[in-house]
Each structure stands twice: as structure tokens, then as C-alpha cells.
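Spelled out from the first residue to the last, the chains are:
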Amino acid sequence: MLVLPDRDAAEEAVEALGERFGVVEEPRLVRDALAGEDDAEDAQWLVVLRDEEGRLDPGELDSFAGEWEGWREEP
């Protein structure tokens, strides 16, 4: 799962995942608001990836998310 600061970054990352990592199944985008916050500025966007075969390198995903000021988290 990648955590990104806004929807634009998340949408760009989803597009780039296919090109850079060969991800075939489109990841899900999920808005994650901080507890009790409805303001869009207080939300983060999650890009949920399925990698059951373990093809994606965690270090490369960390660097990839960092390009959008985000990070990778284990589910």
C-alpha cells in the first residue's frame, strides 16, 4: 500500500505503476481521512496494490512513493 498526500499524486502514481512496474491489475484508490476530519486537506490517499507473487521490490516502491512525497506501508 502506498500512502500519498493528495488525489492528484495518487492518480499519477497509479498511471506510472503500470509503466514502471508492469502492474496489470489497476490498484484501488482509497481516501483516508484523519479521525474526525472531513476537510480534504486533512486526507491522505491510499493506493492499494495486490502483489501476491512478491514481484514488487519494497525498496523500489518506497522510492517510487517518495517521488510524490509519499511512503509505502505494509497492510
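Every chain is numbered on its own, with residues counted from 1 as its sequence reads. At least 70 in pLDDT is required for a residue's local features to be given in this predicted model, at least 80 for side-chain atom pairs to be given and counted, and no such filter applies to totals for whole chains, interfaces and linings, which use all residues. The side-chain figures draw on all heavy atoms in the structure; neither hydrogens nor water molecules are used.

Notes on the packing of aromatic side chains
Right, on to step 1. Pairing of aromatic side chains here covers Phe, Tyr and the six-membered ring of Trp, requires ring centres within 6.5 Å, and sorts the geometry by plane angle: under 30 degrees stacked, over 60 edge-to-face, intermediate tilted. If you walk through the whole model with that rule in mind, you get two aromatic pairs.
Right, on to step 2. The interplanar angle of 65° and the centroid separation of 4.8 Å between the aromatic rings of F64 and W68 together place this pair among those described as edge-to-face. Just as F64 is buried, W68 falls in that class too.
Right, on to step 3. An aromatic cluster is built from F21, F64 and W68, whose rings are joined through pairwise contacts. Each residue is placed in one exposure class: buried if its accessible area under a 1.4 Å probe, protein chains only, is under 20% of its type's maximum, exposed if it is over 50%, and partly exposed if it falls in between.

Some remarks on the nonpolar core
Right, on to step 1. Counting residues in hydrophobic clusters, the biggest one holds 18 residues, and the most contacted among them are L4, L17, V47 and F64.
Right, on to step 2. Strands here mean DSSP runs of E at least two residues long; helices mean DSSP runs of H or I at least four residues long; both are numbered from the N terminus. Counting residues per element, the ones that place at least two in this core are β1 (2-4), α1 (7-21), β3 (43-48) and α2 (58-66).
Right, on to step 3. By definition, residues are in contact when any of their heavy atoms lie within 4.5 Å. Once you skip the residues sitting within four places of it in the chain, F64 turns out to touch L2, A13, A16, L17, R20 and F21. By convention a nonpolar core is built from buried Ala, Val, Leu, Ile, Met, Phe, Trp, Tyr and Cys residues, the set being connected through side-chain atoms within 4.5 Å.

Re the environment of D51
Right, on to step 1. Looking at the secondary structure, you find D51 in the loop between β3 and α2.
Right, on to step 2. Separated by 50 residues in the primary sequence, D51 and M1 have C-alpha atoms spaced 10.0 Å apart.
Right, on to step 3. In protein, a polar contact requires one atom able to donate a hydrogen and another able to accept it; more generally it is a pair of N or O atoms within 3.5 Å, and residues adjacent in sequence count only if both atoms are side-chain atoms. At a separation of 2.9 Å, a polar atom in the side chain of D51 contacts the main-chain amide nitrogen of L56.

Regarding the pairing of β3
Right, on to step 1. When DSSP finds at least two bridges between two strands, those strands are taken to pair. Here β1 pairs with β3 via three bridges, running antiparallel. Residue V3 lies in a different strand from β3, and its bridge partner there is L46.
Right, on to step 2. The pairing of strand β2 (residues 28-33) with β3 spans six bridges and is antiparallel. When the bridges of β3 are listed, R31 appears paired with W45.

Remarks on the pattern of salt bridges
Right, on to step 1. Each reported salt bridge corresponds to a side-chain nitrogen of Lys or Arg within 4 Å of a carboxyl oxygen of Asp or Glu. Inspection of every chain in the model, using the stated rule, returns five salt bridges.
Right, on to step 2. With a shortest N-O distance of 2.6 Å, R20 and E67 are connected by a salt bridge. Taken together, the residues R20 in helix α1 and E67 in the loop between α2 and β4 (71-72) connect sequence positions 47 residues apart.
Right, on to step 3. On the accessibility criterion, R20 (44% relative accessible area) is partly exposed.
Right, on to step 4. Judged by relative accessible area, which is 48%, E67 ranks as partly exposed.
Right, on to step 5. Within this structure, D62, R72 and E74 form a network of salt bridges that share partners.

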